[in-house]
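Spelled out, the chains give:
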Amino acid sequence: MTSGLENDEEKNANKGTMWDMERKLDQPMDEEAGKLKNMYREKKFSSWLVIRLAYQSLGVVYGDLGTSPLYVFYNTFPHGVDDPEDVIGALSLIIYSLTLVPLLKYVFIVLRANDNGQGGTLALYSLLCRHANIKTIPNQHRTDEDLTTYSRTTIHERSFAAKTQRWLEGNFMKHALLILVLVGTCMVIGDGILTPAISGLFSVSTIFLFHLFVLFLETQAFCFIYPMKFSDVVLSAAGGIRVNKPEIDNRVIVIIAVIILVGLFSVQHYGTDRVGWLFAPIVLVWLLLIGGIGIYNIRRFGGGVLRAFSPLYMYRYIRNGKKESWLSLGGILLSITGTEALFADLANYPVSSVQLAFTLLVFPCLLLAYSGQAAYLVNNLHHSQDVFYRSIPDKIYWPVFIIATIAAIVASQATITATFSIIKQALAHGCFPRVKVVHTSKKFLGQIYIPDINWMLMVLCIAVTAGFKNQSQIGNAYGTAVVLVMLVTTLLMILVMILVWHCHWILVIAFTGSSLLVECTYFSAVLFKVDQGGWAPLAIAGVFLVIMYVWHYGTLKRYEFELHSKVSMAWILGLGPSLGLVRVPGIGLVYTELASGVPHIFSHFITNLPAIHSVVVFVCVKYLPVYTVPEDERFLVKRIGPKNFHIFRCVARYGYKDLHKKDDSFEKKLFHNLFMFVRLESMMEDCSDSEYSICEQQNEQSINNGNTNSVRKGDLTISSVDSIVPARSPHVTFQSSSPSNEVDEYEFLTNSREAGVVHILGNTVVIASRDSRFYKKIAVDYIYAFLRKICRENSVIFNIPHESLLNVGQVFYV
């Protein structure tokens, strides 16, 4: 086992190590070096490009938020409305909810907290991980901070931010913050499941196709009864169409809805890039239509509803209605649904484009749409259940109906895409089982498709749409998911304002007070509807939370096992250049989760087999809390031990949006960087002959002086966390070969590669100890074991040929 000196080396290693030499040699040497660093931190766009991307963002970002007028007033007044003043009060609440939450909080504040253009709860968590040591898996190295994408701000030791940082770095707070982030993530997943059911895709398209189905079966014309009360068997009340076929069994409608949902999820593999330009004009026309209809109804029924811009009517609405008005807040909350998807889908477009689209088009059109519906409803109080369709002028009813159907499909696309994005981020943080991730666009890195999650969402969405009896229950469930995501975002934003932005405490309190006042008010309202559908997102989120946390727990324990059981370099050096074994031609790639030290799997391997390859490379693939790692900064290569040992370490670093693509061979890139390292090292050597002498006295002196540079090769320091020797290590002395007998190492590596490459993967089985509590045994022995069994193997992710794969099994008890 390693000593304290070896564990502390990572903190105290100086800038003269070979690790730093490789990092510096990889950096650009011309005037473009500064531009490379700014390319990821400051993305500047021309005015025309901002406008073009703002237009395209309509089809991806604002579909969900833009289709909310389809169902808000129904869910606010599901049993009808008697007093016109209640309509004015509800409209006032809608107006100020849209102003305070999507406009002020998200568009102008939260969007600025993006992580290099990425949004969502896990993006905020990654941003915080770079400013505080809160990552539960401590696999970061000091060189990671020199990445062009690793942006962070300096925190003064005596500031309030420093105190907050130390508070967060406590072991309890680390895990509490992780659970908070996972709760928000799971609620977004629930949002992606509920959106296709609530957005109108089910309610409008099902009814429309239902009539086509009846027409096809009966081969006769049918009519729509516009004013009559709709039958309870229809699983929606958002559509304004009334049918004269109430005797048709509800199961027929469910079957048609299932067909629609299967079709929607079946086209997800095409990605948002190909359909972005198709969706954008649809949402644009939709927004202009609902805005124009709003103006028409305000002119037709009078502008008295504009009194709702006075906050006084909000107070009167709550005061007069008391508990009933308070419970109706769950329906008003649906007017801001899609805001969380707005932040999660930020990866596709710059902040300026999203802000421009919302402030100049989406926000005004939504205000006009709700105001127009309220104007109609004030004069037709008995039409509260289908006010949207009834307020449409007769001449344009069918065009609006068709556009509404298509826009609802677009709304579902936005949340499904956001779900794919956060699952990919969870994978990088070790919080989700390994699943297949597919790039759907060569232009945009953030556009991905996850087949397993796609079909899982489809099954759950079908279960929700078929299981609930009316849209009001789906609305209750949807509102619960949305408000919880917003609460999590608010809590994370408080930490961002303190640690990252260093805001004045007055601004922090103002943001916290205003946000929590609105969101806690809505949350208290949806709590009363948990038994009326609100339990659905809680149950879905609970299942995903168990999966994500158990997987993270197992991943953490595996890492801790490797960290505490890693082998001392003194033991490796004591074996000699041949490691006490037969060195056979070839290269052995030993995969490990450790970025420093010799993994236990290596000692387990050589103590059970009599031979090892002539070249050994410890490969560590790790994810950093950054959006992406540039290709020329991805690999870090260094030597372990003396030169004639032919042992190297290669660390491959990825961001949470980077993918392992099969068309770019991981093995090919690894060897390219390894050979480049050997060439650069030989170029920087001051002398060809050297003597390594590591003894106990030198190490003791190094410890006493607090100096880690105990081993030197000429003027070039080679000691690091891997080559340092513990204080009580045995005396090891050996002389390198003379230059005349030494074979060129580059040629040696080439010959070894031609002899064959073997990928050695560790298969650590985590088992709960006998004295563990029953819930720990269930989590580890059943849930985690099942997830390990069904998730993708590392060999598939790295595209390792089966004939070159060697698994080394280990058992670890927790």
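Residues numbered from 1 in each chain as written. Predicted model: local features only at pLDDT ≥ 70, side-chain atom pairs only at ≥ 80, totals over all residues. Heavy atoms only, no water.

1. A short note on the overall build of the protein
Then, in step 1: When you go through the protein residue by residue, the secondary structure sums to 31 helices and twelve strands.
Then, in step 2: Buried residues in the protein amount to 58% of all 814 residues.
Then, in step 3: Across the protein, the fraction of contacts at a sequence separation of at least 24, relative to all contacts at a separation of at least 6, is 85%.
Then, in step 4: Approximately 33,600 Å² of the protein is accessible, and the part contributed by carbon and sulfur atoms is 60%. (Helix = DSSP H or I, 4+ residues; strand = E, 2+ residues; numbered from the N terminus. Buried < 20%, exposed > 50% of the residue type's maximum accessible area, 1.4 Å probe, protein only. Contact = heavy atoms within 4.5 Å. Areas by Shrake-Rupley, 256 points an atom, 1.4 Å probe, with all protein chains shown as cover.)

2. Examining the packing of helix α7 (residues 84-107) against helix α23 (residues 505-527)
Then, in step 1: Relative orientation of the contacting elements α7 and α23 amounts to 135°, with a least axis distance of 12 Å. Taken together, the axis directions place α7 and α23 in an arrangement best described as oblique. α23 is crossed by α7, and the crossing has left-handed handedness. Contact residues: L93, S97, L100, V101 and K105 in α7; F511, S515, V518, E519 and Y522 in α23.
Then, in step 2: Taken together, the residues of the contact of α7 with α23 break down into six nonpolar, two polar and two charged. (Axes fitted to C-alpha atoms, helices over the stretch in contact; angles between N-to-C directions. Parallel < 35°, antiparallel > 145°, perpendicular 65-115°, else oblique. Left-handed = near helix turned anticlockwise from the far one by under 90°. Nonpolar A, V, L, I, M, F, W, Y, C, P; charged D, E, K, R; others polar.)

3. Observations concerning the sheet that holds strand β12 (residues 805-813)
Then, in step 1: A sheet is described by the order of its strands in space; here six strands give the open sequence β5-β6-β4-β3-β11-β12, paired in mixed fashion. Sheet topology places β5 (635-639) and β12 at the edges, where each strand pairs with a single neighbour. Sheet twist, expressed as the mean angle between neighbouring strand axes with direction ignored, is 25°.
Then, in step 2: In this structure, strand β3 (residues 582-592) lies alongside strand β11 (residues 757-767), joined through four bridges in parallel fashion. Within β11, the residue paired with I587 across the bridge is V757.
Then, in step 3: Relative to the sheet, helix α27 (residues 666-684) contacts β3, β4 (611-623), β5, β6 (647-654) and β11, its axis offset from that of β5 by approximately 50°.
Then, in step 4: Seen against the sheet, helix α29 (residues 745-755) touches β3, β4, β5, β6 and β11 and runs at an angle of roughly 85° to β3. (Pairing = 2+ DSSP bridges.)

4. Remarks on the side chain of S371
Then, in step 1: As for its placement among the helices and strands, S371 is situated in helix α18 (residues 351-379).
Then, in step 2: Within the structure, the side chain of S371 is placed 2.7 Å from the backbone oxygen of L367, a separation counted as a polar contact. (Polar contact = N/O pair within 3.5 Å; in protein donor to acceptor, adjacent residues only side chain to side chain.)

5. Points about the environment of G331
Then, in step 1: Position of G331 among the secondary structure elements: in helix α16 (residues 329-332).
Then, in step 2: Using a relative accessible area of 1% as the deciding quantity, one classes G331 as buried.
Then, in step 3: A C-alpha to C-alpha distance of 9.6 Å links G331 and Y522, two positions 191 residues apart in sequence.
Then, in step 4: Every residue in contact with G331, bar those within four places of it in the chain, is listed here: V72, N75 and T76.

6. Description of unusual backbone geometry
Then, in step 1: Of note in this structure, H502 is not a glycine but carries a positive phi near 55°.
Then, in step 2: Among the structural elements, H502 can be located in the loop between α22 (471-499) and α23.
Then, in step 3: Accessibility expressed as a relative area gives 36% for H502, which makes it partly exposed.
Then, in step 4: For H646, which is not a glycine, the phi torsion comes out positive at approximately 55°.
Then, in step 5: In this structure, H646 sits in the loop between β5 and β6.
Then, in step 6: Residue class for H646 comes out buried when judged on its relative accessible area of 16%.

7. Some details on the packing of aromatic side chains
Then, in step 1: As enumerated under the stated definition, the model contains 18 aromatic pairs in all.
Then, in step 2: An aromatic cluster is defined as three or more aromatic residues linked by ring pairs; in this entry it consists of W286, F388, Y389, Y397 and W398.
Then, in step 3: One cation-aromatic arrangement involves R130 over Y150; the distance from NZ or CZ to the ring centre is 5.9 Å. (Phe/Tyr/Trp six-rings, centres within 6.5 Å; stacked < 30°, edge-to-face > 60°. Lys NZ or Arg CZ within 6 Å of the ring centre and 35° of its normal.)

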